[in-house]
Amino acid sequence: MAKYTPGMRYILSLDQGTTSSRAIVFDREGAIAAVAQKEFRQIFPRPGWVEHDPQEIWATQFAVAAEAVTRAQASPADIAAIGITNQRETTIVWDRETGAPVCNAIVWQDRRTAEFCDRLKADGHEELVRSRTGLVIDAYFSGSKLAWILEHVPGARARAEAGRLAFGTVDSWLVWKLTGGKAHVTDVSNASRTMLFNIHTLSWDEDLLRLLGIPASLLPEVRSSSEVYGRTSPSLGGGDWPIAGMAGDQQAALFGQMCVSPGLTKNTYGTGCFLLQNTGTKPVPSANRLVTTVAWQVGGRTEYALEGSVFIGGAVVQWLRDGLRFFDRSAEVETMAATVPDNGGVYLVPAFAGLGAPHWDPYARGLLIGLTRGTTSGHIARAALESIAYQVSDLLEAVHGDSGIPMRELRVDGGASTNDTLMQFQADLLGVPVVRPAVTETTALGAAYLAGLAVGFWGSVEELARHWKADRRFEPAMAPGDAERLRTRWSEAVARAKGWTSAGGGS
C-alpha cells in the first residue's frame, strides 16, 4: 500500500459533476484549501436526450485539478493522493487503442432508452434485475444506454465483440485518462448503478449481460472504494500521485457526511436530488420502488444504502435562469421567492426528464399549475424552490416505509443546501431538523476521505467522524396539519403530470 509521508499536506479530490468539473484540495482537518470549477456544455440532440462530450469532461477536469493545486500553493510533493467522485450512470465507450470515444457520453438524465426498458419489463425481467442489482428497470441506469450505443453507433458492436472497446462510467474514464490508459477500473458503488452488477456477489452478472447483449470484454475491473488503482501518468506533467479513492457522487456524499452507521440519512441538493440512508452490511429490498445500492467497500467491509433519486432538483433553478430568464444568477431565486409570503396556490412539477423515485414515470413532463392573474414571478420562483423540498419529502416517506427506521434528522449538502428558505421549508415539511454541515462540499470530501484512508493520510473512519461539524440546524416551524395540506396538493399536481407523453400527446 502506498504510504504518505509527513511532508504531504493535502488530498486532491476530483468532483466530476453533471454540469461542471470541480477540483478541491483538502487538508488533514478536512478543511478546504482551494477550489477550482469549470462548467461544460450540455448537449440536447432531441427532446429527452442529454449528452456530454467525454473529451470536454476530461479537459475541464484536468484543468481544474491543476488550477486547484496552484491555488492551494501546493507543490506536487504536498499531494498524498487523488480521490475521484463522479456523476453516476453516465455512459462512455471508447477505443482501447486510441482512447477516442465512439460517441458522446449518454448522461444519466437521458430518456432515449425508455421504450427499450418498457419492453424488458413487459417481457417479465423486472424481478431478475431487482433481485440481482437492487435497481428498477429504468433508462436512468447505464445498462440500457450501453446497449443503445452498441446497437446504434456504426461498427460499435463488432468492435466491442472483438475486444477493442472499453465501457465505463465517468470514474473509469477519468482513471483511464489519468493513468495514460493503464487502468480500466471502477469501484463497487459505481458498478452497482449500471444494471449489470450483482450486488450480492459483487461481480458482473452474466445473465444480465446476456439479456442486454453486452460483451464482458467491455467492462472495467471492479475494485473497492478505497485502494490504490494506479498512479498519474508522467505525460500529464503533474506529480506521480496515487489514485486511491473512488465512489459515485451520492455514495461519496453519504461517506463525507459520516453517515457510517445504519439509519443515518443525507440528501444532496445538486442538479438532481439524491437521498441515501445507510442500511448497514445487508442490502434492504425496497417495497416502495426505491433503489438498493452499494454504499461503499472499505477495508473488506461492504455497506449498503437505500436511495431515492429526484431527476430535477437544482436544475429547476437553472431552468428559471437560462430558460425563462427570470434572473442572471441562480442565487437570486431566494430573493425573488421572498417577494411573496407563500406560493399563492402555484405548484411546479419539474418532470422535465420524467419522474424518478418513487414514481418512476419516464413519460411524465413538467407542469405549472394554479396560475391566476395575481400570479407573479415570485410565486413561480417559490413554487420552483418548494418543488425540490416536496420531491425530497416523497423520497423520505418511501425510505421510512422500507427501512422502518425513524428519522431523527436529515443531513444536507450540495449547492442548494445553502439556500436558507429551501432548508427551512424542507424541515417544515418533514417535521424533523435539517442539519447543514460546516463543509457542504461533502461529495468531494467523501472521495478525499476514501483516498486518504487508502494511503494512511487518515488512520480510521473514527478519526474522520471527529471532523464532521454542523453549520446550522433548521428546526420545523410549520404546524403539521399545514404541512400535510401542502403535500396533499403537491401530490394532486404530480398526478396530473404523470403519463403525459404516453397519452397520445407530445414527444
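Remember, predicted model here, so these are calculated numbers, not experimental data.

Colleague: Requested: an account of empty space enclosed by the protein, with residues and values cited.
Modeller: Tallied over the full model, the rule gives 2 cavities of 30 Å³ or more. Each pocket or cavity is described by its volume, and for the largest cavity that value is around 70 Å³. Taken together, Ser 309, Val 310, Phe 311, Leu 355, Gly 356, Ala 357, His 359, Gln 391, Asp 394, Trp 490 and Val 494 form the lining of the largest cavity. Along the lines of polarity and charge, the residues of the lining of the largest cavity split into 6 nonpolar, 4 polar and 1 charged. One number sums up the size of the second largest cavity: a volume of about 40 Å³.

Colleague: I'd love a proper account of unusual backbone geometry, names of residues and values included.
Modeller: Looking along the chain, the bond that leaves Ala 357 and enters Pro 358 is cis, with omega of -5°. For Glu 89, which is not a glycine, the phi torsion comes out positive at approximately 70°. Of the residues examined, Glu 89 reaches a relative accessible area of 2% and is grouped as buried. With a phi close to 70°, Met 195 is a non-glycine residue in the positive phi region. Tracing the sequence through the fold places Met 195 in the loop between helix H7 (188-191) and strand S10 (197-198).

Colleague: Requested: an account of the nonpolar core, with residues and values cited.
Modeller: Membership of the largest hydrophobic core comes to 126 residues, with the highest contact counts inside it found for Ile 214, Leu 218 and Tyr 269. If one sorts the elements of this core by residue count, helix H12 (residues 377-403) sits on top with 13 residues. In contact with Ile 214, not counting residues within four places along its chain, are Gly 143, Leu 146, Ala 147, Leu 150, Leu 196, Leu 209 and Leu 219. Trp 58, Val 69, Trp 176 and Trp 241 belong to the second largest nonpolar core, which has 35 residues in total.

Colleague: Summarise the packing of helix H10 (residues 315-323) against H12; cite the residues concerned and give the values.
Modeller: Interaxial distance between H10 and H12 falls to 9 Å at its minimum, and their mutual angle equals 160°. Classified by the angle their axes make, H10 and H12 are roughly antiparallel. H12 is crossed by H10, and the crossing has right-handed handedness. Between H10, through Val 316, Val 317 and Leu 320, and H12, the contact on the second element is made entirely by Ile 380, Ala 381, Ala 384, Leu 385, Ser 387 and Ile 388. Across the contact of H10 with H12, the residue classes tally to 8 nonpolar, 1 polar and no charged.

Colleague: Talk me through the layout of surface pockets; I want residue IDs and the actual numbers.
Modeller: Vacant regions in the atomic arrangement are exposed by a probe of water-molecule size rolled over the atoms. Taken as a whole, the largest pocket spans an internal volume of roughly 1,100 Å³. Tyr 269, Gly 270, Thr 271, Gly 415 and Ala 416 are, among the 43 residues lining the largest pocket, the residues nearest its centre. Of the residues forming the lining of the largest pocket, the biggest block, 4 residues, is contributed by H10. Its residues placed into classes, the lining of the largest pocket shows 11 nonpolar, 22 polar and 10 charged.

Scoring rules and cut-offs
Residues numbered from 1 in each chain as written. Predicted model: local features only at pLDDT ≥ 70, side-chain atom pairs only at ≥ 80, totals over all residues. Heavy atoms only, no water. 1 Å grid on protein atoms, 1.4 Å probe; cavity = no way out; pocket = protein on both sides within 12 Å on 5 of 7 lines; lining within 4 Å. Points joined across faces, edges and corners; volume = space filled by probe spheres on them. Nonpolar A, V, L, I, M, F, W, Y, C, P; charged D, E, K, R; others polar. Buried < 20%, exposed > 50% of the residue type's maximum accessible area, 1.4 Å probe, protein only. Helix = DSSP H or I, 4+ residues; strand = E, 2+ residues; numbered from the N terminus. Core = buried A, V, L, I, M, F, W, Y, C linked by side-chain atoms within 4.5 Å. Contact = heavy atoms within 4.5 Å. Axes fitted to C-alpha atoms, helices over the stretch in contact; angles between N-to-C directions. Parallel < 35°, antiparallel > 145°, perpendicular 65-115°, else oblique. Left-handed = near helix turned anticlockwise from the far one by under 90°.

Function cannot be read off these values alone, since they describe shape.
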